[in-house]
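# Structural description and commentary
Here is what each chain is made of, one letter per residue.
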Amino acid sequence: MTGETMTATAAAEAAMDTPARIRRERVRLLLRNLPFLVGSLLLIFWIVMAIAGPWIVPYGADDTDLLNTLTPPSPDHWFGTDQFGRDVFSRVIMGSRDILIVAPLATLLGTVVGTVLGLVTGYAKGLTDDVVSRIVDAFLALPLLILAMLVITALGISNTTVIIVIGLSFGLIVGRTVRAAVLGERDLDYVAAAHLRGEKPIYILFVEILPNVMPPIMVETTVRLGYAIFTVASLSFLGLGIQPPSPDWGLSISQNYGLIGGGYWWTVLFYALSIGSLVVGVNLAAEGAQAVLDA
Amino acid sequence: MGFYRALLYRLALAVVTLFLLSIIVFAGCQVLPGDVGRAILGPFADARAVAQLNHQLGIDRPLLVQYWSWITGMVQGNMGLSYTYRAPVAPFIGHALLNSLKLAAIAFILVVPAGIFGGIVAALRAGSWVDRSIVIAGLSATVVPEFVSGIVLIMVFSIWLHVFPLTGTAPRHAGVLEQIYYLLMPALPLFMILFGYIARMARAGMIEALTSDYTRTAVLKGLSRRQVIGRHVLRNALLPTITVIATQCGYLIGGLVVVETLFNYHGIGSLIFAAAKAKDFPMLAAGILVIGTVYVGANLIADLLYSALNPRISFGGRR
């Protein structure tokens with residue numbers, strides 16, 4: 001209830017206020033949004049772990065200790081050890097690194113490609129738009145994981161291939177969102193004015209229209225980041241993503257899940273919780289941000 | 001008249017999409033890998049052996065000829081020979097597809113009523129803690145990868161509580177009930193992914209319907225709350241949900257790859273995953289094209305259902 005009245009007054013203030021005021025108001029609302037706060041904290045936690053990992057971990061992620069294999073959690077090894085005696089806690093912390101590089105890069109590529117694609121197809125309309133839309137439809141008729149599997153099988157496994165295939169398919173999806181936003185802008189007066197001034201299409205697209213379609217692009221980007229983490233983790237679990245000797249979470253789960261039948265739950269559970277907390281964090285943050293932007 | 005023309009139009013669009021899809025799959029399986037014979041025999045094989053294998057497989061023919069013979073075969077149900085099994089692909093695909101359909105059916109039968117119910121409850125108490133818990137729990141369940149939730153479920157139900165088996169594959173000659181029992185655990189991760197989407201759409205549709213003019217009219221007309229919701233709100237609210245359910249079919253199949261692998265279940269997902277690992281391109285191509293066809297078909301049906309059920313959309317003009 002208080003949330004609704006608050007957003008109502010905020011909207012009323014926003015309607016008559018300057019952009020700087022609106023931005024400050026949005027930040028204030030964001031900081032009061034519980035899902036956004038919890039999500040951001042989880043995301044920031046993992047980013048700090050990824051950066052500061054080497055100074056935090058008690059053991060090297062690849063250090064084997066064959067005298068202490070598969071030991072349960074203890075004061076020496078908080079999360080126990082795996083079948084090579086590697087410290088699971090150290091591997092969980094260091095395992096955040098690859099996915100936090102690959103997934104954001106794929107998202108960035110997708111956002112850039114999608115923005116250009118959406119601006120061009122939304123602005124050009126006609127045949128270009130029709131042809132591109134049909135091709136996009138065909139690509140999107142395949143679940144991302146299966147499309148990625150096809151391309152990775154054909155081209156070979158590497159982090160670059162993973163980034164490119166996820167980035168390009170995201171480009172198609174982001175492109176649709178941007179295209180829809182551009183269709184709402186292209187017939188407005190400021191675009192017509194730019195036309196009359198004799199501006200080139202490139203200028204109109206990137207200097208006039210782009211700033212006005214930024215909010216949906218930003219929301220789409222955060223949502224995509226969540227999907228990117230989801231997809232990279234799943235591909236790594238299938239052995240088609242991040243490769244050994246990385247202590248990546250999805251990869252570690254695929255290497256160890258045969259062990260849980262024997263009762264060695266700690267070799268899998270902590271990786272699973274890490275993936276869960278990271279994706280839930282990103283998506284809660286995205287959800288909160290979207291709610292505030294919509295308000 | 002209008003109905004059939006619109007139907008034909010959508011069918012034509014679906015055919016165009018499938019045609020483009022077949023080119024993508026063909027490119028992925030025949031063009032991108034480069035030298036298929038080399039890929040199968042490995043880097044140290046004799047060049048003549050590679051050339052001979054390529055000739056046997058028909059890969060030394062021009063691309064257009066290869067595409068034509070592949071796609072005409074597919075349309076006639078002749079999906080080619082598997083490199084791995086040296087046997088026709090079609091029976092493998094048929095068997096796997098049937099298994100996957102069983103798994104998907106159980107997931108859907110559980111999740112559709114649960115998701116719709118969750119969405120309705122959340123909408124009727126919009127803004128309350130019940131609503132927020134359903135939305136946040138649904139969102140969290142939806143975004144966690146299937147293998148992560150699957151692993152946790154296996155630990156809890158199979159290893160600690162011993163109530164469900166570790167695999168999705170029932171023993172041979174198992175009855176229907178036993179098969180369902182084996183499939184419940186693999187269906188749960190799929191349930192978790194879909195629940196959030198369906199509940200969210202049902203909630204949004206309900207809230208829109210609850211705040212609409214026709215609902216206000218129905219209330220002012222003196223109908224009871226039960227009558228208003230049952231007769232006026234639900235029908236309009238659930239329309240968008242149908243579309244989401246059909247769209248999710250595609251994502252469900254993507255999830256099947258992971259779930260079937262995790263639970264060691266022989267469906268279409270684990271089949272194409274195995275084909276991808278073994279570089280069994282005919283199997284991979286056929287499997288992926290079948291999945292794409294199922295997806296396009298599901299979307300087409302969703303479109304038609306939506307138009308048929310929605311009194312306000314009369315499908316390309318007057319009916």
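Residues numbered from 1 in each chain as written. Chains lettered and ligands numbered in written order. Predicted model: local features only at pLDDT ≥ 70, side-chain atom pairs only at ≥ 80, totals over all residues.

Attention now moves to the overall build of chain A. For chain A, the helix and strand inventory stands at 13 helices and 0 strands. When the helices and strands of chain A are listed from N to C terminus, the series reads α-α-α-α-α-α-α-α-α-α-α-α-α. Seen through its principal axes, chain A has C-alpha atoms that stretch 80 × 50 × 30 Å. Put simply, chain A has 295 residues, and 47% of those count as buried. (Helix = DSSP H or I, 4+ residues; strand = E, 2+ residues; numbered from the N terminus. Buried ≥ 20, exposed ≤ 12 C-beta atoms within 10 Å, placed from the backbone.)

Looking only at helices and strands, chain B features 13 helices and 0 strands. By its C-alpha atoms, chain B is 85 × 60 × 35 Å across when sized along the principal axes. In chain B, which comprises 319 residues, the proportion classed as buried is 39%. Restricting to contacts in chain B with at least 6 residues of sequence separation, those with at least 24 account for 70%. (Contact = placed C-beta atoms within 7 Å.)

Right, let's talk about the nonpolar core for a bit. In globular proteins that are soluble, nonpolar side chains generally tend to be buried together. Within the largest apolar cluster, 166 residues are counted, with the highest numbers of intra-cluster contacts made by Ala 148 and Ile 229 of chain A together with Leu 194, Ile 198, Leu 284 and Ile 288 of chain B. Broken down by element, this core gets its largest block of residues, 18 residues, from helix α8 (residues 176–210) of chain B. Those residues in contact with Leu 194 of chain B, other than ones at most four positions away along the chain, are Ala 107, Val 111, Gly 115, Gln 248 and Leu 252 of chain B. (Core = buried A, V, L, I, M, F, W, Y, C linked by C-beta atoms within 7 Å.)

With that out of the way, let us pick up the packing of helix α11 (residues 214–237) of chain A against helix α12 (residues 249–256) of chain A. Geometry of a packed helix pair, given as the angle between the helix axes and the separation of the axes. All names here are of chain A. In contact at an axis separation of 7 Å, α11 and α12 are set at 30° when each is read in the N-to-C sense. The angle between α11 and α12 places the two elements in the roughly parallel class. Crossing angle aside, the handedness with which α11 passes α12 is right-handed. On α12, the residues that touch Ala 233, Ser 234, Ser 236 and Phe 237 of α11 are Trp 249, Gly 250, Leu 251, Ile 253 and Ser 254. The residue makeup of the contact of α11 with α12, split by class, is 5 nonpolar, 4 polar and no charged. (Axes fitted to C-alpha atoms, helices over the stretch in contact; angles between N-to-C directions. Parallel < 35°, antiparallel > 145°, perpendicular 65-115°, else oblique. Left-handed = near helix turned anticlockwise from the far one by under 90°. Nonpolar A, V, L, I, M, F, W, Y, C, P; charged D, E, K, R; others polar.)

Residues and elements named next belong to chain A. Where helix α8 (residues 159–185) meets α11, the axes come as close as 10 Å, and the angle between the chain directions of the two elements is 155°. The angle between the axes of α8 and α11 places the two elements in the roughly antiparallel class. Between α8 and α11 lies a crossing of right-handed hand. Residues Val 162, Ile 166, Phe 170, Val 174, Thr 177, Val 178 and Ala 181 of α8 pack against Pro 216, Ile 217, Glu 220, Arg 224, Ala 228, Thr 231, Val 232 and Leu 235 of α11.

All names here are of chain A. For the peptide bond that leads from Pro 244 to Pro 245, omega is 5°, which places it in the cis range. By the secondary structure assignment, Pro 245 is in the loop between α11 and α12. With phi around 55°, Leu 70 is a residue other than glycine that occupies positive phi space.

Counting residues at the interface gives 40 residues for chain A and 39 residues for chain B. Elements with a contribution of two residues or more to the side of chain A that touches chain B: α6 (126–140), α7 (144–155), α11 and α13 (266–294) of chain A. Its residues placed into classes, the side of chain A that touches chain B shows 30 nonpolar, 6 polar and 4 charged.

When pLDDT is averaged across chain A, the result is 85; 94% of the residues are at 70 or more. Averaged pLDDT values over the elements of chain A bottom out at 52 in helix α1 (residues 2–16) of chain A and peak at 92 in helix α5 (residues 96–124) of chain A. (pLDDT = per-residue confidence, 0-100.)

A few words on helix α10 (residues 201–209) of chain A. For an α-helix the count is 3.6 residues per turn, leaving residues at separations of three or four pointing the same way. Residues and elements named next belong to chain A. Considered for burial, the residues of α10 that qualify are Ile 204, Leu 205 and Ile 209. Down the axis of α10, the sector holding all buried residues measures 95°, keeping them to one side. Every exposed residue of α10 that faces more than 90 degrees away from the buried side is listed here: Ile 202 and Val 207. (Arc of directions from axis to C-beta.)

Here we come to helix α4 (residues 63–75) of chain B. When the terminal C-alpha atoms of α4 of chain B are compared, their 18 Å separation across 13 residues agrees well with the 18 Å that a helix rising 1.5 Å per residue should span. Directly beyond the C-terminal end of α4 of chain B, a positive phi value near 85° is found at Gly 77 of chain B. (Expected span 1.5 Å × (residues − 1).)

Once that is clear, we can look at the environment of Ser 158 of chain B. All names here are of chain B. You can see Ser 158 is positioned in helix α7 (residues 146–160). Under the C-beta neighbour-count criterion, Ser 158 is labelled partly exposed, with 18 such atoms within 10 Å. Along the sequence, Ser 158 and Met 185 sit 27 residues apart, while their C-alpha atoms lie 8.9 Å from each other. Residue contacts for Ser 158: discarding those within four places in its chain leaves Phe 164, Pro 165, Leu 166 and Met 185.

Glancing now at the confidence of the model for chain B. Mean pLDDT over chain B stands at 83; residues scoring 70 or higher make up 94%. ipTM for the predicted complex: 0.85, alongside a pTM of 0.86.

Residues and elements named next belong to chain A. Its place among the elements puts Asp 294 in helix α13. The class of Asp 294 is exposed, set by 9 C-beta atoms lying within 10 Å. Sequence separation between Asp 294 and Pro 215 is 79 residues, and the spatial gap between their C-alpha atoms is 9.7 Å.

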